[in-house]
Amino acid sequence: MSGKRPAEPTPGQAGKKRKKEVMVEFSGLITEEILKKQVAEAWSLRTPFSHEAIAMNMDPFLHCVIPNFIPSPTFLEGLQKELLNLDFHEKYNDLYKFQQSDDLKKRREPHICALRKILFEDFRAWLSDVSKIDLESTIDMSCAKYEFSDALLCHDDELEGRRVAFILYLVPPWDGSLGGTLDLYNVDEHFQPKQIVKSLIPSWNTLVFFEVSPVSFHQVSEVLSEEKSRLSISGWFHGPSLTRPPTYLEPPVPRNPHIPQDHEILYEWINPTYLDMDHQIQIQEEFEEQSEILLKDFLKPEKFAAVCEALEKGDVRWSSRGPPNKRFYEKAEESTLPDVLRDCMTLFRSEALFLLLSNFTGLRLHFLAPSEEDETEDTASAPDSTEEGTSYSSSELQNSQEASSRHGQRSNEQAGPGPEEHEAKEEASIPTCQGELRRWQTGHYTLIHDNGKTEFALDLLLYCGCEGWEPEYGGFTSYIAKGEDEELLTVNPENNSLALVYRDKETLKFVKHINHRSLEQKKTFPNRTGFWDFSFVYYE
């Protein structure tokens, strides 16, 4: 007699032949008492440990590698077959793109059942003994399949109750040139990730596990193989949560009021079509209905050509923007900009453009632009005023410089330091902006991070050097509602197109990871390695 109690048949399955139970064990070497004590001691003392059956390392955070985790090749072949027969669903957002199975907690396939048993019963007991963590019986386990251009970007895995993460690889012969590595990051003094300091290459029947903590930042690098799939089973063991350090808030990006600059800069740079008052009224009507608009051929052709030429020359110095759990792209150091690029930045910061954007959007980005109260009064006193919309001509801007200066001084005086005057401060504040010139290449992205204040704002993007750019490359800006995955709007890079998007406090945005498909662009444009954009945000 086996002494095992047979499982009761589920309703509707009485009399059906049950699948044969599969039995399997994990590596017996690591359960040997002497080795187990050595691993436990290394864990406790946080010291590296190496043995043919297991390797433990503390740099940049505690992680272990167990090769040949399950000694039975027959079992592994059966497990792989069952996994590949599962239904996979594409997982896609700012952080990742890959295919994932349903939760494996209740799957009845014999090999999956057997693996679940050894992981969450036998191996969990071994891991609890070694780590001295009281791990719960909670089962968190799914199968992931990464194919060409799939990736999982920098994150720390921290979620209530997660204590140890694990990955069992079932990959064909693999090397670093195929991508798909498990990359580990070190951190700075604020517990923010800095750079990749170690990469683990997936290997058949290798189990990797690591302690989930405030510093366990890692990623799955983009898979570069068009033939091979990176198949793995992953999940978490649960236990008492670790104490987290206080959430680090980045210093706010400085905002500045407009630069005094009259209307001549508009005539110098901008397509005359967009300076026509009737056209501005049409643009405003469309923008107020959609909260976004794309203005094609925005700069004069000769000015746009000069900007692209200056960018392609390579005289600009670029600095990397991080941390990688929030963003990874390059920003131009403005002190190194050639004149034409510096002048273009001045255009977007100019008083003339603030007023033009007010005309395009109906937002109060200049003191000449009417407030809602003004519009109400105008409607009551002058019924015909709607024919002129809310636009102001460049001639009105000519005499506004001194008045604008007085307005800014008056606003600053009104905005007192007392906390009780917070609302008055907001009303009195003058329109401001922040902006940068960015370079986008393969591997770049931004992620949604909402630990900061979300605000009403107008986003402006002007794209350069993106001829032949396809949406499947990534690099587009996606807007989503807070707490939702569904995209509200996608802005694709398009040469000399000015994108304007108004977002509220419930709208978040990200730039999708640029994958290796983007290298196709070089076939048509050999000197291109991506594209550039002027990115500005305006606040009323």
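You'll find the structure just up there.
What you see is a predicted model; the values in this text were computed from it and never measured.

Q: Just to check I follow, could you spell out the overall build of the protein for this structure?
A: Secondary structure assignment for the protein yields 13 helices and 24 strands. Counting the 540 residues in the protein, one finds 50% classified as buried. Sequence-distant contacts, at least 24 apart, represent 79% of the contacts inside the protein between residues at least 6 apart.

Q: Where do I start with the pattern of salt bridges in this structure?
A: As a working rule, side chains carrying opposite charge can pair if their charged atoms are close by. In this structure the tally under the stated criterion is 26 salt bridges. One salt bridge in this structure joins Arg528 and Glu312, with 2.2 Å as the shortest N-O distance. With Arg528 in the loop between helix H13 (521–524) and strand S24 (530–539) and Glu312 in helix H6 (residues 301–313), this pair connects stretches of sequence that are 216 residues apart. Since its relative accessible area comes to 7%, Arg528 is described here as buried. With its nearest N and O atoms 2.8 Å apart, the salt bridge here joins Arg349 to Glu334.

Q: Even after reading the chapter, I still don't get the state of the cysteines, so can you show me in this structure?
A: Joining two cysteines, a disulfide is a covalent bond between their sulfur atoms. In total, this model carries zero disulfides according to the counting rule given. Just so you know, Cys308 is unpaired, no disulfide at all, and the nearest cysteine sulfur is the one on Cys464, 4.8 Å from it. The buried category is assigned to Cys308, whose relative accessible area is 8%.

Q: Explain helix H2 (residues 73–84) here, please?
A: In an α-helix, one full turn covers 3.6 residues, which means residues spaced three or four apart are oriented alike. Here H2 contains twelve residues, and its C-alpha end-to-end distance of 17 Å stays within 8% of the 16 Å for a straight helix at 1.5 Å per residue. Among all positions of H2, only Phe75, Leu76, Gly78, Leu79, Glu82 and Leu83 are buried. Down the axis of H2, the buried set is contained in an arc of 165 degrees. They therefore lie on one face. Of the residues in H2, the exposed ones pointing more than 90 degrees away from the buried face are Pro73, Thr74, Glu77 and Lys81.

Q: In this structure, what is going on with the packing of helix H1 (residues 33–45) against helix H3 (residues 110–131)? I would like to understand it.
A: Direction vectors running N to C along H1 and H3 enclose 55 degrees, while the axes themselves pass 8 Å from each other. Judged by the angle between their axes, H1 and H3 are oblique. In this structure, H1 uses Lys36, Val39, Ala40 and Trp43 to contact H3, whose residues at the interface are Trp126, Leu127, Asp129, Val130 and Ser131. Among the residues forming the contact of H1 with H3, the class breakdown is six nonpolar, one polar and two charged.

What counts and how
- Residues numbered from 1 in each chain as written.
- Predicted model: local features only at pLDDT ≥ 70, side-chain atom pairs only at ≥ 80, totals over all residues.
- Heavy atoms only, no water.
- Helix = DSSP H or I, 4+ residues; strand = E, 2+ residues; numbered from the N terminus.
- Buried < 20%, exposed > 50% of the residue type's maximum accessible area, 1.4 Å probe, protein only.
- Contact = heavy atoms within 4.5 Å.
- Salt bridge = Lys/Arg side-chain N within 4 Å of Asp/Glu carboxyl O.
- Disulfide = S-S within 2.5 Å.
- Expected span 1.5 Å × (residues − 1).
- Arc of directions from axis to C-beta.
- Axes fitted to C-alpha atoms, helices over the stretch in contact; angles between N-to-C directions.
- Parallel < 35°, antiparallel > 145°, perpendicular 65-115°, else oblique.
- Nonpolar A, V, L, I, M, F, W, Y, C, P; charged D, E, K, R; others polar.

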